[in-house]
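Residue-level structure breakdown
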Amino acid sequence: MKRIRIRVAYDGTAYTGFQKQGDGTAVQDILEAAVFAATGERVRSLGASRTDAGVHARDNILVFDSRHPIPADRWSYALNCHLPEDIVVFHSEIVAADHHPLRQHYKKTYEYHVTQARFPNPLTARYSWWIREVLDVEVMRCAMKKLIGRHDFEAFRGGTHEYKSTVRTIYTADVSQRGEEIILSVTGDGFLYNMVRIIAGTVIYAGKGKFGPDRIDEMLRTRDRLLSGPTAPACGLVLARIEETDNPDNM
């Protein structure tokens, strides 16, 4: 028995998220079906990041056990033969038998994409949030910088899921602009449900002039979700990168 780790990119538009929901419409379901088609084995896989419905990824991780003799570096080719064109395995390798993606020390980078323009662009509509108003990118950048460090992000948590702790570490947070495209980028040791989308909605509100960057300090201090901005649409969010780290604070 070998434990295989694959790295996968996908357009999340058509899926109910990465993690299995029981109805066969998650990215994880499609990947497990591809393993069965390639090997005849029904596997129980483990994912590294549970992206939501409509969220995309350039780099997510899935781990599963197999007895099949496919060489480690050929799994990507074997699986891609049985995957739809909006899901691609771009790397495969053998890892230790006790490797568990939710217990590894990973740091994750998410990007949130905004199209700021007078009219929507049909070529980017699936992958960004169209905003008509002119955004103050420098104000947005100052707001993002306030998030760097180890904080309680209760004010940026969506849903009702209970966590042992809502404290997370943000290593980097920045905003860049290329023409009509504005990209919010954040790297951390872990993220709460909808956390990046709420960060995006909050920072964009700051860019619209609804409040100043210092309001972020109050959100972190009071832990009050009512002070932060809206949850940005899923289409603009991309899981950009997952990196292994020795940081013991990884959640």
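A brief look at the structure comes next. From a predicted model like this one, the values you see are computed outputs, not experimental measurements.

1. Let's talk about the environment of L147
The topology assignment puts L147 in the loop between α3 (137-145) and β7 (149-152). Judged by its relative accessible area of 1%, L147 is buried. When the C-alpha positions of L147 and L220 are compared, they lie 8.4 Å apart, and in sequence the two are 73 residues distant. The contact partners of L147, leaving out residues within four places of it in the chain, are F153, F156, I170, I199 and I216.

2. Remarks on the pattern of salt bridges
What the rule picks out here adds up to 20 salt bridges. Its salt-bridge partner being R197, residue D52 comes within 3.7 Å of it at the nearest N-O pair. Placement of D52 in the loop between β2 (46-47) and β3 (56-66) and of R197 in helix α4 (residues 195-207) is noted, with a sequence separation of 145 residues between them. With a closest N to O distance of 3.3 Å, D189 and R150 form a salt bridge. With D189 in the loop between β9 (181-188) and α4 and R150 in strand β7, this residue pair connects regions lying 39 residues apart in the sequence. Where salt bridges share partners, they join E138, R141, K145 and D174 into one cluster.

3. Examining the layout of surface pockets
In this model, the largest pocket occupies a volume close to 1,100 Å³. Of all the secondary structure elements, the ones that give two or more residues to the lining of the largest pocket are β5 (106-116) and α4. The residue inventory of the lining of the largest pocket, partitioned by class, reads 16 nonpolar, 12 polar and eight charged. Of all elements in the fold, only β3 and β5 reach the threshold of two or more residues within the lining of the second largest pocket.

What counts as what
- Residues numbered from 1 in each chain as written.
- Predicted model: local features only at pLDDT ≥ 70, side-chain atom pairs only at ≥ 80, totals over all residues.
- Heavy atoms only, no water.
- Helix = DSSP H or I, 4+ residues; strand = E, 2+ residues; numbered from the N terminus.
- Buried < 20%, exposed > 50% of the residue type's maximum accessible area, 1.4 Å probe, protein only.
- Contact = heavy atoms within 4.5 Å.
- Salt bridge = Lys/Arg side-chain N within 4 Å of Asp/Glu carboxyl O.
- 1 Å grid on protein atoms, 1.4 Å probe; cavity = no way out; pocket = protein on both sides within 12 Å on 5 of 7 lines; lining within 4 Å.
- Points joined across faces, edges and corners; volume = space filled by probe spheres on them.
- Nonpolar A, V, L, I, M, F, W, Y, C, P; charged D, E, K, R; others polar.

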